[in-house]
Amino acid sequence: MTASSLDSPRQALQGSPDLLRSVFRQHAAGVAVITARGPAPVGFTATSLNSVAADPPLISFGVGTGSSSWPVLAEAEHIGVHILAEGQQELAATFARSGADRFAPPTRWRTGPEGVPLLDGVLAWLVCRVVARVPAADHRIVLGQVVAGDPAGTGRPLLYHQGRFNALRD
């Protein structure tokens, strides 16, 4: 008997936006906030952050071209990447909320290397030089090369799963 014969027979669903969303609700992802300097600072919550290469150190993330942050990100030379800690659900929600003044109190931030807005109290942060913006339907995949950062925050990462913020469990 094979593993597949033990599973109940199920029909594969046709590819669709709903199928993709349903499958990725099952995928736990780390929560990051991406920031950039513009006439006013911009930022958004991202769960699409990935490490791409170690040498040179590259990261990637996706951003919708309809997002309020996109016009600044489309021109930004540098971006900030912030890894959120498990107690930062409200910060994640603020940067995910459409129309919110994301940098107003209680958000604490400062200007970091290359003029990038850096959030205080995060688990870790990077400043990256944007090296590419790759078209992907109504999104762009942004590739950034790491130029500075700080991994020294304490705590555990915030996760996103089943449409809500979660913490790691032992």
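Provided above is the structure to which this section pertains.
What you are looking at is a predicted structure, and each value in this text was computed from that prediction instead of being measured. (Residues numbered from 1 in each chain as written. Predicted model: local features only at pLDDT ≥ 70, side-chain atom pairs only at ≥ 80, totals over all residues. Heavy atoms only, no water.)

Caption draft 1: Local environment of the side chain of threonine 107. In this fold, threonine 107 is placed in the loop between α4 (89-96) and β7 (109-111). Among the polar contacts listed, one links the side chain of threonine 107 to the backbone oxygen of arginine 102, at a separation of 2.8 Å. When neighbours within four sequence positions are excluded, threonine 107 is seen to be in contact with Leu91, Thr94, Phe95, Arg102 and Leu119. (Helix = DSSP H or I, 4+ residues; strand = E, 2+ residues; numbered from the N terminus. Polar contact = N/O pair within 3.5 Å; in protein donor to acceptor, adjacent residues only side chain to side chain. Contact = heavy atoms within 4.5 Å.)

Caption draft 2: Expanded view of the pattern of salt bridges. Using the criterion set out here, one finds two salt bridges in the structure. Across the pair aspartate 18 and arginine 21 runs a salt bridge, and its minimum N-O distance is 3.7 Å. On the criterion of helical spacing, the pair formed by aspartate 18 and arginine 21 is a turn pair, its members being three residues apart in helix α2 (residues 17-25). You can call arginine 21 partly exposed: its relative accessible area is 44%. (Salt bridge = Lys/Arg side-chain N within 4 Å of Asp/Glu carboxyl O. Buried < 20%, exposed > 50% of the residue type's maximum accessible area, 1.4 Å probe, protein only.)

Caption draft 3: Quick look at α4. Along α4, the residues that are buried comprise Leu91, Ala92, Thr94 and Phe95. The arc that holds the buried residues of α4, viewed along the axis, is 160°, so those residues lie on one side. The outward face of α4, more than 90 degrees from its buried face, is lined by the exposed residues Glu90 and Ala96. Packed against the buried residues of α4 are β2 (32-36), β3 (42-46), β8 (117-119), β11 (158-161) and β12 (164-167). (Arc of directions from axis to C-beta.)

Caption draft 4: A look at the sheet that holds β11. The three strands lie next to each other as β1-β11-β12, forming an open sheet whose pairing is antiparallel. Of all strands in the sheet, those bounded by a partner on one side alone are β1 (29-30) and β12. Where β11 lies against β12, four bridges are found, and the strand directions are antiparallel. Bridge assignment links leucine 158 to a residue of β12, and that residue is alanine 167. (Pairing = 2+ DSSP bridges.)

Caption draft 5: The arrangement of the nonpolar core in detail. Core analysis: the biggest nonpolar cluster contains 17 residues, and Ile34, Ala36, Phe44, Phe61, Val63, Leu73 and Ile79 have the highest contact counts within it. Going through the elements one at a time, β2, β3, β5 (57-64), α3 (70-73), β6 (78-83) and β9 (124-136) are the ones with two or more residues in this core. The contact partners of phenylalanine 61, leaving out residues within four places of it in the chain, are Ile34, Phe44, Ser48, Leu49, Ile79, Arg140, Ile141 and Val142. Membership of the second largest hydrophobic core comes to 14 residues, among which are Ala92, Phe95, Leu118 and Leu119. (Core = buried A, V, L, I, M, F, W, Y, C linked by side-chain atoms within 4.5 Å.)

Caption draft 6: Molecular detail of unusual backbone geometry. Omega for the bond connecting aspartate 55 with proline 56 falls within 30 degrees of zero, at 5°, which places this linkage in the cis form. Of note, the amide linkage connecting proline 105 to proline 106 takes the cis form, showing an omega dihedral of 20°. Within the secondary structure, proline 106 is located in the loop between α4 and β7. Backbone geometry at glutamate 114 places phi at a positive 60°, although glycine is not the residue there. Here glutamate 114 lies in the loop between β7 and β8.

Caption draft 7: Layout of the pairing of β9. Across six bridges, the pairing between β6 and β9 is antiparallel. Looking across to β9, one finds that histidine 82 is bridged to tryptophan 125. With eleven bridges joining them, β9 and strand β10 (residues 139-150) adopt antiparallel strand pairing. In the strand pairing of β10, proline 135 is matched with arginine 140. Counted between consecutive antiparallel strands, the loop separating β9 from β10 contains two residues, among which alanine 137 sits at a positive phi close to 55°.

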